[in-house]
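Structural description and commentary
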Amino acid sequence: GAVVSQHPSWVICKSGTSVKIECRSLDFQATTMFWYRQFPKQSLMLMATSNEGSKATYEQGVEKDKFLINHASLTLSTLTVTSAHPEDSSFYICSAPRTSKGEQFFGPGTRLTVL
Amino acid sequence: GQQVMQIPQYQHVQEGEDFTTYCNSSTTLSNIQWYKQRPGGHPVFLIQLVKSGEVKKQKRLTFQFGEAKKNSSLHITATQTTDVGTYFCAGSYGQNFVFGPGTRLSVLP
């Protein structure tokens with residue numbers, strides 16, 4: 001099946017620093033990728049939709065200046081958490097659909113801990 | 001906005017017992033998908049239902065899509081310890097996907 005990779009798998013950083021997370025579709029092209037945040041024992045909350053060649057679409061309540069998304073190519077989307085704070089600590093997961101309304105293939109997730 | 005609800009939130013069963021989780025949408029869905037997330041893992045796609053009244057089976061798992069395309073269910077027959085995890089439904093509304101809160105299943109051996 002389709003594979004989506006994410007890097008890094010975990011990161012610990014100091015408050016105020018920025019962290020970049022990469023999401024790659026390994027064997028298919030994805031014009032759209034989704035970024036989710038998941039707090040412990042909770043559901044996935046969609047943060048934004050990453051669109052190749054255009055601006056990302058952010059969900060209500062998600063600060064676009066804090067969570068910078070760049071869909072650099074048909075196989076790569078990046079999420080940068082700028083000036084991270086402890087409340088940003090979470091599990092960040094990306095996904096990519098292989099077809100416009102098809103199944104989502106999820107990356108393995110990135111666990112971010114901000115000290 | 002669109003909301004997807006799921007019940008129960010938690011379910012503890014003895015190995016061999018059946019399990020069912022229910023998913024309800026406030027509005028009509030284009031399709032619905034089901035995912036399983038093992039503890040510490042990421043969601044893995046199980047199935048997609050598109051047609052009104054559709055029923056699909058995968059071994060011990062049976063998935064149903066309601067006639068009105070607003071609800072769905074996942075039924076596991078004779079649970080095994082490998083079924084442990086959180087089961088999420090995800091409703092599709094045009095271009096948007098909305099995940100339900102999930103049902104966490106634990107299976108006691």
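These remarks concern the structure in this document. Quantities reported herein were computed from a predicted structural model and do not represent experimental measurements. (Residues numbered from 1 in each chain as written. Chains lettered and ligands numbered in written order. Predicted model: local features only at pLDDT ≥ 70, side-chain atom pairs only at ≥ 80, totals over all residues. Heavy atoms only, no water.)

Further remarks concern the sheet that holds strand β8 (residues 76–81) of chain A. Residues and elements named next belong to chain A. The sheet built from four strands is open, its strands ordered β1-β3-β8-β7 with antiparallel pairing. Strands at the two margins of the open sheet, each flanked by one partner only, are β1 (4–7) and β7 (67–73). Going from strand to strand, the sheet's axes swing by 15° on average, the running direction of each strand aside. Both strand β3 (residues 19–25) and β8 contribute to a ladder of six bridges, which runs antiparallel. Paired with Cys23 across the bridge in β8 is Ser77. (Pairing = 2+ DSSP bridges. Helix = DSSP H or I, 4+ residues; strand = E, 2+ residues; numbered from the N terminus. Axes fitted to C-alpha atoms, helices over the stretch in contact; angles between N-to-C directions.)

This paragraph deals with unusual backbone geometry. Negative phi is the rule for most residues except glycine; trans is the rule for most peptide bonds. Residues A:His7 and A:Pro8 are joined by a peptide bond in cis, for which omega reads 0°. Mapped onto the elements of the fold, A:Pro8 is located in the loop between β1 and β2 (10–13). Here the residue pair B:Ile7 and B:Pro8 is connected by a cis peptide bond, since its omega of -5° sits within 30 degrees of zero. Tracing the sequence through the fold places B:Pro8 in the loop between β1 (4–7) and β2 (10–14). Within the chain, B:Lys69 stands out as a residue other than glycine whose phi angle is a positive 55°. With respect to the secondary-structure elements, B:Lys69 resides in the loop between β7 (61–65) and β8 (71–76).

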